[in-house]
Structures are given as C-alpha cells and as structure tokens.
Amino acid sequence: MRLILLGPPGAGKGTQASAIVEKYGIPHISTGDIFRYNIKEGTELGKKAKSYMDKGLLVPDEVVVEIVEDRLKKDDCKDGFLLDGFPRTVVQAEALDEVLKNMDISLDKVINIEVDKEILVGRAVGRRICKNCGATFHIKHNPSTKGDICDKCGGELYQRDDDNEETVTKRIQVYLDQTAPLIEYYNKQDKLVTIDGDKEINKVFKDIVVSLGSDL
Ligand code: ADP
Ligand code: ADP
Ligand code: ZN
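Okay, so let's go over this structure. (Residues numbered from 1 in each chain as written. Chains lettered and ligands numbered in written order. Predicted model: local features only at pLDDT ≥ 70, side-chain atom pairs only at ≥ 80, totals over all residues. Heavy atoms only, no water.)

1. Focus: the coordination of the zinc ion (ligand 3)
We apply this condition: Metal donors: N, O and S atoms at distances within 2.8 Å, or within 3.2 Å for Na, K and Ca, with water omitted from the atom set so that some sites may seem incomplete. By the criteria applied here, four donors are tetrahedral when all angles lie between 85 and 135 degrees, four are square planar and six octahedral when opposite donors are over 155 degrees apart and every other angle lies between 65 and 115, and any other arrangement is irregular.
Looking at the zinc ion (ligand 3), the protein donor atoms are Cys130 (SG), Cys133 (SG), Cys150 (SG) and Cys153 (SG), and they sit 2.3 to 2.4 Å from it. Metal-centred angles of 97 to 114° between the four donor atoms at the zinc ion (ligand 3) mark the site as tetrahedral.

2. A short note on the site of ligand 1
Inclusion rule: For each residue, the test is whether any non-hydrogen atom lies within 4 Å of the molecule or strand; if one does, the residue is near. Two N or O atoms count as a polar contact when they lie within 3.5 Å, although within protein this holds only if one can serve as hydrogen donor and the other as acceptor, and sequence-adjacent residues are included solely when both atoms are side-chain atoms. Working definition of accessibility: Shrake-Rupley area with a 1.4 Å probe, residue cover restricted to the visible protein chains. Secondary structure elements are defined from DSSP: runs of H or I of at least 4 residues count as helices, runs of E of at least 2 residues count as strands, and each element is numbered from the N terminus. The residue classification treats Ala, Val, Leu, Ile, Met, Phe, Trp, Tyr, Cys and Pro as nonpolar and Asp, Glu, Lys and Arg as charged. All others, Gly included, are polar.
Neighbouring ligand 1 are 19 residues, the closest being Lys13, Thr15, Arg127, Phe137 and Lys199. The contact in question runs from an oxygen atom of ligand 1 to an N or O atom on the backbone of Gly12, over 3.0 Å. At a separation of 2.7 Å, a nitrogen atom of ligand 1 approaches a polar backbone atom of Lys199. Considered on its own, ligand 1 offers 560 Å² of accessible surface; in the complex 92% of this is hidden by protein. Mapped onto the shell around ligand 1, the elements with two or more residues apiece are helix H1 (13-24) and strand S6 (136-138). Among the residues forming the shell around ligand 1, the class breakdown is five nonpolar, nine polar and five charged.

3. Notes on the environment of Thr136
Threshold: In this description, contact between two residues means that some pair of their heavy atoms is separated by no more than 4.5 Å.
Inspection of the secondary structure puts Thr136 in strand S6. With 57 residues separating them along the chain, Thr136 and Asp79 place their C-alpha atoms 26 Å apart. Contacts of Thr136, omitting those with residues within four sequence positions, involve Thr15, Arg127, Arg128, Ile129 and Asn142.

4. Considering the sheet that holds strand S1 (residues 2-6)
Short version of the rule: Note on pairing: DSSP must find at least two bridges between two strands before they are called paired. In this description, a line fitted to the C-alpha atoms serves as the axis of each element, helices being fitted only across the stretch in contact, and the angle between N-to-C directions of two axes falls anywhere from 0 to 180 degrees.
If you trace the five strands from one edge of the open sheet to the other, you get S2-S3-S1-S4-S8, paired in parallel fashion. Of all strands in the sheet, those bounded by a partner on one side alone are strand S2 (28-30) and strand S8 (192-196). The sheet shows a mean angle of 20° between the axes of neighbouring strands, direction not considered. Both strand S4 (residues 109-114) and S8 contribute to a ladder of five bridges, which runs parallel.

5. What to know about the site of ligand 2
Surrounding ligand 2, one finds 19 residues, the nearest of these being Thr31, Arg36, Leu57, Arg88 and Arg171. At a separation of 2.9 Å, a nitrogen atom of ligand 2 approaches a polar backbone atom of Gly85. Side-chain polar atom of Arg160 to an oxygen atom of ligand 2: 3.1 Å apart, as the coordinates give it. Contact with the protein chains removes 97% of the 560 Å² of surface that ligand 2 exposes when unbound. By residue number, the principal contributor to the shell around ligand 2 is helix H2 (residues 31-41), which donates four residues.

6. Re the packing of aromatic side chains
Aromatic ring pairs are described here by two measures, namely the spacing of the ring centres and the angle between the planes. Heads up, the condition is: Two rings belonging to Phe, Tyr or Trp (six-membered ring only in the last case) form a pair when the distance between their centres is within 6.5 Å. Interplanar angles under 30 degrees mark stacking, angles over 60 mark edge-to-face geometry, and anything in between is tilted. Accessible area is worked out with a 1.4 Å probe on protein chains only. A residue is then buried under 20% of its type maximum, exposed over 50%, and partly exposed in between. A positively charged side chain is recorded as over a ring if its NZ (Lys) or CZ (Arg) lies within 6 Å of the ring centre. The angle to the ring normal must also be within 35 degrees.
One pass over the structure, following the stated rule, counts one aromatic pair. Plain terms: the ring middles of Tyr185 and Tyr186 are 5.0 Å apart, the flat faces sit at 85° to each other, and that makes the pair edge-to-face. The exposure class assigned to Tyr186 is buried, which follows from its relative accessible area of 0%. Its guanidinium or amino end placed over the ring of Tyr24, Lys23 lies 6.0 Å from that ring's centre, counting from NZ or CZ.

Rendered as structure tokens:
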C-alpha cells in the first residue's frame, strides 16, 4: 500500500499513522518527525528547519523533497509506505509524482482527514509526545494513564515548541493557503478519500480501513 495522509495540523495524522503502519506493515515517513530528530541531534538540517518551524512556516520545498526522495529509495519502502505531512505544497506534490514515476510506482490512495478549524487549536495545544518512543497523547482526549509519563514505555512526555496557540493558528493558515489545494490535486487524480476526523480515534481508524477497501 502506498499512501499519503493529508490534513491540517492537529487533524490526527500522526495518531492514525501509527495504527495504519501497524496494520499494513509499511514504514511511517513523517517529515515533521525527521525535522524534529535533526533538531534534537543538532544537525545543519535541524538548524535550518527550526528557523521555519518556530514561526509556523513551511521548510523550503527543495529541502523537503530531497529528504523524501532519499527515504523512498530505501529498501523498506519497496512494498509500500505511508507519507505523513508530505507533500504540503503543489510543488512538493508535483516533485513526488516525478520521483514515483522514475521509480515506476504510483500512489494507491490519499487519505484526507477533515476536522473543523475551531477544534484544531485545542487538539494541537493539548498534544503531548513521549520523548522516548514518540507516542502521541492529548491532555483531555487521549491522556496517558500515568499523567506526564508515557504509559507505553515510561518515557517523559513533552510539548512541542510549535504547539502554542499563536504558532498553531499560523500553521492552520499556512495549511489553508499552501496545502489545502492538494485536495483538488489528488481528487483530479482520483486518489482522494475523505475521512471525518471529528470522531473518536478508533472510529476514525475504522473509517480509514474501510475506505481503503480492507477488512477491519
Ligand atoms: P497531526 O499529526 O495531524 O498534527 P496528531 O495525530 O498529533 O495530529 O493529533 C493531534 C492531537 O489530537 C494529539 O494530542 C492527539 O492525541 C489528539 N487526537 C488525535 N485524533 C483525535 C481524535 N479523533 N479525537 C480527539 N483527539 C484526537
Ligand atoms: P502538524 O502535523 O502538526 O502540522 P508536522 O510535524 O507535520 O506538524 O510539521 C511540523 C512542522 O515541520 C511544520 O509546521 C513545518 O514547518 C515543517 N514541515 C513538516 N513537513 C513539511 C513539509 N512537507 N514541507 C515543509 N515543511 C514541513
Ligand atoms: Zn513512550
């Protein structure tokens, strides 16, 4: 299965991605996670990405496309992959089409998770992530049973630097301006499935599985 997860910040892409990659046995490629890893490691890429991420802006297309192209050529992607948070602009989508064409493969589906704008800020501001295993929680909607400790691995939970109200609001605007046009882009390719993301986490997952034509 070769899939893309599309949706605004806080829609639930990362949360659904964990369940999807487990079910289908494909690698999860999150460009946001790749940047955060590089920031933590203090690499040149991390320094460059951080200057954009802190402002809620997109990292330049050419930087992102190169990273994804290298990743898709790795052996573990040969039977499928899930792209989460990429592409985010029409330029990135066109570059991805070109990369896939050169690899002689094509996308199966683009899963568009829809959530009303009013809900998104609360989702992102309440998000907490495990420092150790990367699991995502929400202080109200999906809390760890151990408070600010991860109940999957015992790691410490933290809040992303860009998950404050001001930056999230900016990111939602950037999504509407630069990423939302991809809905029409993939609709034209007949790849789009739209999922209501304003339901309980497990229900959203079931809807995704059904939309992919798989058994639950
Ligand atoms: P994205 O990757 O699209 O930015 P996340 O998967 O990180 O979104 O989810 C954002 C926040 O909302 C997280 O704190 C997550 O636990 C929570 N969340 C995800 N899906 C739902 C849902 N269906 N209902 C309520 N909260 C959710
Ligand atoms: P969210 O799902 O909450 O929007 P991500 O973890 O996907 O967050 O992305 C965090 C930030 O990383 C973005 O605001 C942006 O600065 C950068 N980023 C991630 N993916 C891309 C991409 N495909 N193109 C440009 N910037 C990106
Ligand atoms: Zn953990």
